[in-house]
Amino acid sequence: MNLVKSALLLAKKDLFSEWKTKQVLVTQIIFASLVIVVFSFAFDPSNNMTKAVIPGIIWVIIVFAGILGLNRSIVSEQRNDTMYALLVAPMEPAGIYLGKFIANFTMIMIVETIAIPFLFLLFDFNMAGSIPYFILIIFVGSFGFVSIGTFLAALAGNSKSSEMLLPLLLFPIASPVLIGVTQATRIVLSDMSKLSSALAWTQMVTSYDVIFFVISLFLIDYVLEV
Amino acid sequence: MSMNLEQEKPLLPDSPLSKSKSAYLPKVLLGSTIITMLTSIYFIFLYAEEEKTMGAAQKIFYFHVSSAWVAFFAFFITCLFSILFLVKRQRIYDTYAYVSAEIGVVFTIIVLTTGPIWAKSAWNTWWVWEPRLITTLILFFLYIAYIMIRQMDGVWDKKARLASVFGIIGFVDVPIVFFAIRWWQTKLHPVVFGEGSDQSGGGIAPSMLAALLISILAFTILYAYLLNKGVTLENLKIKVEQYKEKLRMDIEN
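Residues numbered from 1 in each chain as written. Chains lettered and ligands numbered in written order. Predicted model: local features only at pLDDT ≥ 70, side-chain atom pairs only at ≥ 80, totals over all residues.

Here's the deal with the overall build of chain A
No. 1: Tallying secondary structure elements over chain A gives eight helices and zero strands in all.
No. 2: When the helices and strands of chain A are placed in sequence order, the string is α-α-α-α-α-α-α-α.
No. 3: Computed over its C-alpha atoms, the radius of gyration of chain A comes to 18 Å, within 12% of the 17 Å expected for a compact globule of 226 residues.
No. 4: Here the C-alpha coordinates of chain A stretch approximately 55 × 35 × 30 Å along the principal axes.
No. 5: Here chain A holds 226 residues, and the buried ones make up 47% of them.
No. 6: Intrachain contacts of chain A at a sequence separation of at least 6 include 86% that bridge at least 24 residues. (Helix = DSSP H or I, 4+ residues; strand = E, 2+ residues; numbered from the N terminus. Rg over C-alpha atoms; globule rule 2.2 N^0.38 Å. Buried ≥ 20, exposed ≤ 12 C-beta atoms within 10 Å, placed from the backbone. Contact = placed C-beta atoms within 7 Å.)

Shown next as structure tokens:
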């Protein structure tokens, strides 16, 4: 109870400061749009073949935009050594992790709700599959990516070059999620006849989410130690 | 959270430096490494029959599989000692974890170089996106990331703590990566290669199996020897650091 309460408090603080500055969110959205523009150079949008790479593009956007925010969420606590203040505050490290996770997850969801329709619009993509399943998969995939990402951001935050270290730590660890969600997204967007396979992938990603969320909650005590 | 509060703790006189153990173990390990290595070379090149389709190129299989085994085993040891370090907080466990990861990198590189050489002659391609290959590649990246954490600035116990956490997470991740990729690729590559040398994924000639087992044994003993030597070296480095620190304090006072 106390854990959730302190986590929500921390998430509220993060989101409120983000609401006031709009620094990270705006950067993430502009960055996502730029990635889409770059992809339009790489893959001709008028070509029908491009439809096949859309699921991949969606996840590239989420991963790259997400990494910007993940790193910021921890680095921003270092400027005035507020991380120490959080650690001496009467809350558990798991609460800090949970709070950061909620804030990051909310932000990545906002980025996705803006960037993905924008992508579909610009690439003139006609959805052949089911939207609820698509949203479910995006949700599950983002959950896994952000949960392990927040944890590793806290770990990499100890380094002076955390923004360089974080992708090196995160991409290999998050590779099962990325494999699973790109497969599931591809099926859901184009070929609904293989829905059972997409659901199996979603289950795999969900189990990954659960495993790593629990491990992170356990191990964060060791990461956030003074 | 790098802060100037963090200073190297005054760790002398009671810090438990590992006593220089009797030099018995490394000698035994070295001796058995040499003996098993020579035996395995005899078995590989003279005893084991030549593979029908791949010919002599198949001999790389023995080194390849043994190195892969050592690479995965080393990562397991890293994870084990990471857990021990987080529980007991003694530097020696951390040293073991670190040295094991370093050896793991070396053997992963061996796997990733011998693999394509063999693949080029067996499948006529350097690289196939196949579960075991990708898992090994990701394992390699995990090791690199682990070593990158070790290269961070700061005091040793912070680095050891963070690296231990990553060692555990990484080890949990590897099987999931393997299953995810296997699931992803099953339709594309039914059974590209099993343990078998005849590519059917099934059988292996008894003489080949004997050679394989002996070379795995040889590589495991080599790993043990390298681990022992590496830990001794690392302990000496720590000792030198501590003497330097002591000297600095003596000069200052």
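Back to the write-up after that little detour.
Focus: the overall build of chain B
No. 1: Helices and strands together make up the secondary structure of chain B, namely six helices and zero strands.
No. 2: The helix and strand sequence of chain B, counted from the amino end, reads α-α-α-α-α-α.
No. 3: Look at the contacts in chain B between residues 6 or more apart in sequence, and 77% of them connect residues 24 or more apart.

Regarding the interface of chain B and chain A
A common measure of how large an interface is: the accessible area buried when the components associate.
No. 1: Across the boundary between the two partners, chain B contributes 27 residues, which contact 26 residues of chain A.
No. 2: Among the elements of the structure, helix 4 (131-150) and helix 5 (156-185) of chain B are those that each provide at least two residues to the side of chain B that touches chain A.
No. 3: Here the side of chain B that touches chain A takes 15 residues from helix 5 of chain B, the largest share from any one element.
No. 4: Across the side of chain B that touches chain A, the residue classes tally to 20 nonpolar, three polar and four charged. (Nonpolar A, V, L, I, M, F, W, Y, C, P; charged D, E, K, R; others polar.)

Looking at the environment of L247 of chain B
Residue and element names in this part refer to chain B.
No. 1: Note that L247 resides in helix 6 (residues 206-252).
No. 2: Look at L247 and you get exposed, because 10 C-beta atoms sit within 10 Å.
No. 3: For the pair L247 and G154, spaced 93 residues apart in the sequence, the C-alpha separation amounts to 21 Å.

Digging into helix 6 (residues 131-156) of chain A
Because an α-helix completes one turn every 3.6 residues, residues spaced three or four positions apart along the sequence face the same direction.
No. 1: With 26 residues, helix 6 of chain A extends 36 Å between its outermost C-alpha atoms, agreeing within 8% with the 38 Å of an ideal straight helix rising 1.5 Å per residue.
No. 2: Judged by how many residues are buried, helix 6 of chain A sits mostly within the fold: 19 of 26 residues are covered. (Expected span 1.5 Å × (residues − 1).)

Concerning the packing of helix 7 (residues 162-190) of chain A against helix 4 of chain B
No. 1: At a closest axis distance of 9 Å, the pairing of helix 7 of chain A and helix 4 of chain B adopts a crossing angle of 150°. In this structure, the crossing between helix 7 of chain A and helix 4 of chain B has a hand that is left-handed. On the side of helix 7 of chain A, the interface is formed by L165, L168, L169, P172 and S175 of chain A, while helix 4 of chain B contributes I138, F141, L142, A145 and M148 of chain B.
No. 2: The residue makeup of the contact of helix 7 of chain A with helix 4 of chain B, split by class, is nine nonpolar, one polar and no charged. (Axes fitted to C-alpha atoms, helices over the stretch in contact; angles between N-to-C directions. Left-handed = near helix turned anticlockwise from the far one by under 90°.)

Observations regarding the confidence of the model for chain A
No. 1: On average, residues of chain A score 89 in pLDDT, and 100% of them are at 70 or above.
No. 2: Per-residue pLDDT, averaged within each element of chain A, yields its smallest value for helix 4 (residues 82-88) of chain A (86) and its largest for helix 6 of chain A (93). (pLDDT = per-residue confidence, 0-100.)

Re unusual backbone geometry
For residues besides glycine, phi is generally negative; the peptide bonds are generally trans as well.
Residue and element names in this part refer to chain A.
No. 1: The backbone phi angle of K22 is positive, close to 55°, even though this residue is not glycine.
No. 2: Of note, K22 is situated in the loop between helix 1 (2-21) and helix 2 (23-42).
No. 3: In the Ramachandran plot, D81 falls in the positive-phi region, its phi being about 55° despite a non-glycine side chain.
No. 4: With respect to the secondary-structure elements, D81 resides in the loop between helix 3 (54-75) and helix 4.

A look at the nonpolar core
No. 1: L152, L155 and L169 of chain A together with F166 of chain B are the most contacted members of the largest nonpolar core, which totals 125 residues.
No. 2: Among the elements that line this core, the one with the most residues is helix 7 of chain A, at 14 residues.
No. 3: When residues no more than four places from it in sequence are discounted, the contact partners of L152 of chain A are L166, L169, L170 and I173 of chain A. (Core = buried A, V, L, I, M, F, W, Y, C linked by C-beta atoms within 7 Å.)

Topic: the packing of helix 5 (residues 93-122) of chain A against helix 8 (residues 195-223) of chain A
Residue and element names in this part refer to chain A.
No. 1: Viewed as axis vectors pointing N to C, helix 5 and helix 8 meet at an angle of 125°, and their least axial separation amounts to 8 Å. With respect to helix 8, the axis of helix 5 lies oblique. Judged by the sense of rotation from one axis to the other, the crossing of helix 5 with helix 8 is right-handed. Contact with helix 5, carried on its side by P93, A94 and Y97, involves S216, L217, I220 and D221 of helix 8 and no other residues of that element.
No. 2: Partitioning the contact of helix 5 with helix 8 into residue classes produces five nonpolar, one polar and one charged. (Parallel < 35°, antiparallel > 145°, perpendicular 65-115°, else oblique.)

What about the confidence of the model for chain B?
Residues and elements named next belong to chain B.
No. 1: In this model, chain B carries a mean pLDDT of 81, and residues with pLDDT of at least 70 account for 82%.
No. 2: Of all helices and strands in chain B, the one with the weakest mean pLDDT is helix 5 (86), whereas helix 2 (residues 60-88) scores best (91).
No. 3: Low pLDDT, under 50, characterises residues 1-7; the stretch is placed with twelve contacts to residues that sit more than four places away or in other chains.
No. 4: Predicted confidence is poor over residues 195-202, with pLDDT under 50, and the contacts of this stretch with residues over four places away or in other chains come to 17 contacts.

Observations regarding the environment of W59 of chain A
All names here are of chain A.
No. 1: Relative to the helices and strands, W59 is located in helix 3.
No. 2: W59 sits in the buried class, given 20 other C-beta atoms within 10 Å.
No. 3: As a C-alpha pair, W59 and I179 span 120 residues in sequence and 10.0 Å in three-dimensional space.
No. 4: Excluding residues within four positions of it along the chain, W59 makes contact with L178, V181 and T182.

Focus: helix 3 of chain A
No. 1: The end-to-end C-alpha distance of helix 3 of chain A, which contains 22 residues, comes to 32 Å, matching closely the 32 Å that a straight helix rising 1.5 Å per residue would cover.
No. 2: The element helix 3 of chain A is extensively covered by neighbouring structure, given that 17 of its 22 residues are classed as buried.

Examining the environment of L3 of chain A
All names here are of chain A.
No. 1: Tracing the chain through its elements places L3 in helix 1.
No. 2: Between the alpha carbons of L3 and D14 there is a distance of 16 Å; along the sequence they are eleven residues apart.
No. 3: Those residues in contact with L3 that lie beyond four places of it in its chain are E92, A94, G95 and L98.

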